[in-house]
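Next come the chains, spelled out residue by residue.
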Amino acid sequence: MKEKQTHSIPLESTCKITDEICLPDTKLPRVVIVGGGFAGLALVEKLKHKEVQVVLLDKNNFHQFQPLLYQVATSALEPDSIVFPFRKQFNGYKNVVFRLVEVEEIQPSLNTLITSKGKVHYDYLVIASGTTTNFFGMDKVAENSLGMKDIRDSLNIRHMMLQNLEQAAITCDDDERDALTNFVIVGGGPAGVEMAGALAEFCKYILPKDYPEYPASIMNIYLIEAIDELLSTMSDKASSKTLKYLEDLNVKVLLNEAVSNYDGKEVTTKSDKTILAKNLIWTAGVKGQFPNGIDGKHVVRGNRIKTNANLKVEGYENIFAIGDIAALISKETPKGHPQVAQTAIQQGKYLGDSILNIINNKSIKPFKYKDKGSLATVGKRKAVADLGKFKFAGYFAWLLWSVVHLMSISGFRNRLMVGFNWAVSYFTYEKSNRLIIRNFKPKSSIKNREK
């Protein structure tokens, strides 16, 4: 009779039969990072191979390159081109641990986090949880539209768009066809402008080939912005040039206009204009998202966490905030730093050095943001650039935008895939990822069915 063999994997860890998450045992200071966006990843890179234990907690097991989400949404790229697994990224980082959990609460008095899978203790906590779409309390708009904050949103937009175009080819109802082929984008920032430009190129170059049964003019694209200019954080030259580019692409730009309601078929604005549309993409605002446990008096406009000049959360000795969630309020930055990737990356790198200095009882300098400029693209060979005193637009700005974004993507394979897709698209205008992998169902229809 054979003996039953058992195999045990030795884990040098703090794992016990408790409510704690299993982590490697260490005598080093533990730095726990909540969120693996640009800020969190930059901090991990700064602390790798250092005399600390780094624990990254995220509800996803990948980093996503958000500036190119709109290209996934418009079938130009596949999702795996702009996402990169954390575990692959951290391969060889002996002091870095990743755990797939959602952080629910911070207990500052106990130096503990409560997560969906158990507790985690920390010596230093860094909140880098980023933002989510802000619908400004308009529940009907939130139910019937789509934001564009993560890769799932992009896939939902792609599936919604393709499904509606297919349905438009089937229906004999003129109003229904108009609603299915009208696209409304709310928000004239970089995300909205780039999405509008990509959709306009899809309409111009792809629609006539895929749907010869009706003209490209049937697809209308509206861009709604509440103030009197696009790209308000960039120069007047960039704003006016962007407007011209979009109008040349037949995008209907509505300035000084705001959405007041959307029922899934009809968009209503505050000036009582109505637009038939079953496709509404919301890029008009974001708000911070972070676990419970931070005192409300340290939360400022936009649901951001107020920090001091060292990115330490006010009122706490060992809790920091970086990236979009952080608001460093000063005379120079009364509204905090811009919520862009370069801010997040700079703060992550800075905080890595600061934490090491704190551990070694060295002094730390205040965070200083260096604005490297802004770029936005409106389509092939059309982009705007603000680089200090140099402000330009056109082909060279587009080329610079392409190089900067391509080199910023994580992983050689991903850069190669994106570069290849861009090269094919440049010469052929082809968007080969026009696949409906799964049926998209609006949140409102799911909610009604649950009732």
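About the criteria used
- Residues numbered from 1 in each chain as written.
- Predicted model: local features only at pLDDT ≥ 70, side-chain atom pairs only at ≥ 80, totals over all residues.
- Heavy atoms only, no water.
- Helix = DSSP H or I, 4+ residues; strand = E, 2+ residues; numbered from the N terminus.
- Rg over C-alpha atoms; globule rule 2.2 N^0.38 Å.
- Buried < 20%, exposed > 50% of the residue type's maximum accessible area, 1.4 Å probe, protein only.
- Pairing = 2+ DSSP bridges.
- 1 Å grid on protein atoms, 1.4 Å probe; cavity = no way out; pocket = protein on both sides within 12 Å on 5 of 7 lines; lining within 4 Å.
- Points joined across faces, edges and corners; volume = space filled by probe spheres on them.
- Nonpolar A, V, L, I, M, F, W, Y, C, P; charged D, E, K, R; others polar.
- Contact = heavy atoms within 4.5 Å.
- Polar contact = N/O pair within 3.5 Å; in protein donor to acceptor, adjacent residues only side chain to side chain.
- Patch = residues over 30% accessible without salt bridge, like charges linked within 9 Å, V, L, I, M, F, W, Y side chains within 5 Å.
- Areas by Shrake-Rupley, 256 points an atom, 1.4 Å probe, with all protein chains shown as cover.
- Salt bridge = Lys/Arg side-chain N within 4 Å of Asp/Glu carboxyl O.
- UniProt positions renumbered as here; feature names shortened; annotations may be inferred.
- Axes fitted to C-alpha atoms, helices over the stretch in contact; angles between N-to-C directions.
- Phe/Tyr/Trp six-rings, centres within 6.5 Å; stacked < 30°, edge-to-face > 60°.
- Left-handed = near helix turned anticlockwise from the far one by under 90°.

(A) Layout of the overall build of the protein. Within the protein, the secondary structure is distributed over twelve helices and 26 strands. Computed over the C-alpha atoms, the radius of gyration of the protein is 24 Å, within 12% of the 22 Å expected from 2.2 N^0.38 for a compact globule of 451 residues. Structurally, the protein occupies a C-alpha span of about 75 × 70 × 45 Å along its principal axes. The proportion of buried residues among the 451 residues of the protein is 50%.

(B) Just the sheet that holds strand β21 (residues 304-307), in detail. Strands sit in the order β20-β21-β23 across an open sheet of three strands; the sheet is mixed. Two strands in the sheet have a free side with no partner beyond their single neighbour: β20 (299-300) and β23 (326-328). With two bridges connecting them, β20 and β21 associate as antiparallel partners. Of the residues in β21, the one forming a bridge with Val300 is Arg304.

(C) Here's a closer look at helix α1 (residues 38-47). Of all ten residues making up α1, eight are buried, and the element is well covered by its neighbours. Three or more residues of α1 are buried, namely Phe38, Ala39, Gly40, Leu41, Ala42, Leu43, Val44 and Leu47. Phi turns positive, to about 65°, at His49, one or two residues after α1.

(D) Looking closely at empty space enclosed by the protein. Counted under the stated rule, the structure contains one cavity of 30 Å³ or more. Here the largest cavity is characterised by a volume of approximately 30 Å³. Taken together, His63, Phe65, Ile82, Val83, Phe84, Ile409, Ser410 and Asn414 make up the full set of residues lining the largest cavity. Classifying every residue of the lining of the largest cavity by side-chain character gives five nonpolar, three polar and no charged.

(E) Highlighting the environment of Tyr93. Residue placement: Tyr93 occurs in the loop between α3 (86-89) and β5 (96-100). When its relative accessible area of 13% is taken as the criterion, Tyr93 is described as buried. Non-local contacts of Tyr93, meaning those with residues more than four positions away in its chain, are made with Val44, Glu45, Lys48 and His49. A polar contact of 3.4 Å, which involves the side chain of Tyr93, links it to the side chain of Lys48.

(F) The arrangement of a nonpolar patch on the surface in detail. Together, Tyr395, Phe396, Leu399, Val403 and Met407 make up a nonpolar patch on the protein surface, roughly 510 Å² of accessible area in all. Inspection of the secondary structure assignment puts Tyr395 in helix α10 (residues 395-408).

(G) The arrangement of the UniProt feature "domain: FAD/NAD(P)-binding" (unreviewed entry) in the protein in detail. With numbering matched to this structure, UniProt assigns "domain: FAD/NAD(P)-binding" (unreviewed entry) to residues 30-348. Split by type, residues 30-348 is 30% helix and 27% strand. Its first and last C-alpha atoms lie 16 Å apart.

(H) Examining the sheet that holds strand β11 (residues 146-147) more closely. An order of β11-β18-β12-β13-β14 is seen for the five strands of this open sheet, with the pairing classed as parallel. Every other strand in the sheet has two partners, leaving β11 and β14 (252-254) as the edge strands with one partner each. Looking at chain direction, β11 and strand β18 (residues 279-282) are connected through two bridges and run parallel. Directly across from Leu146, in β18, lies its bridge partner Ile281. Contacting β11, β12 (182-186) and β18, helix α5 (residues 151-170) crosses the sheet at an angle of about 160° to β18. On top of the sheet, helix α6 (residues 174-181) reaches β12, β13 (220-224) and β18; it is set at about 40° to β12, its chief contact.

(I) Summary view of the pattern of salt bridges. According to the stated counting rule, one finds 13 salt bridges in the structure shown. A salt bridge links Lys278 to Glu176; its shortest N-O distance comes to 2.9 Å. On the criterion of sequence distance, the pair formed by Lys278 in the loop between β17 (274-276) and β18 and Glu176 in helix α6 is long-range, its members being 102 residues apart. Using a relative accessible area of 17% as the deciding quantity, one classes Glu176 as buried.

(J) The arrangement of the environment of Thr428 in detail. Examined against the element boundaries, Thr428 turns out to sit in helix α11 (residues 412-428). Under the relative-accessibility criterion, Thr428 is labelled partly exposed at 41%. Between the C-alpha atoms of Thr428 and Tyr245, which are 183 residues apart in sequence, the distance is 20 Å. A distance of 2.6 Å separates the side chain of Thr428 from the backbone oxygen of Val424, its partner in a polar contact.

(K) Representation of the packing of aromatic side chains within the structure. What the rule picks out here adds up to twelve aromatic pairs. Aromatic side chains Phe86 and Phe98 sit 5.1 Å apart centroid to centroid with 40° between the ring planes, which places their arrangement in the tilted category. In this pair, Phe86 is assigned in helix α3 and Phe98 in strand β5, connecting sequence segments twelve residues apart. You can call Phe86 buried: its relative accessible area is 0%.

(L) Main features of the packing of α1 against helix α9 (residues 341-359). At a closest axis distance of 7 Å, the pairing of α1 and α9 adopts a crossing angle of 35°. When the axes of α1 and α9 are compared, the crossing they make is right-handed. Across the interface between the two elements, Phe38, Ala39, Ala42, Leu43, Lys46 and Leu47 of α1 pack against Ala341, Ala344, Ile345, Gly348, Lys349, Leu351, Gly352, Asp353 and Leu356 of α9. Split by residue class, the contact of α1 with α9 holds ten nonpolar, two polar and three charged.

(M) Up close: the pairing of strand β24 (residues 374-379). Where β24 lies against strand β25 (residues 382-387), five bridges are found, and the strand directions are antiparallel. Each bridged residue has a counterpart across the sheet, and for Thr377 the counterpart in β25 is Ala383. Connecting β24 to the next strand, β25, in antiparallel fashion are two residues, including Arg381 with a positive phi near 65°.

(N) Main features of unusual backbone geometry. The phi angle at Ser75 is positive, at roughly 75°, despite the residue not being glycine. With respect to the helices and strands, the residue Ser75 is situated in the loop between α2 (69-73) and β4 (83-85). Phi is positive for Leu231, close to 45°, though the residue is something other than glycine. Among the secondary structure elements, Leu231 is positioned in the loop between β13 and α8 (236-248). Since its relative accessible area comes to 1%, Leu231 is described here as buried.

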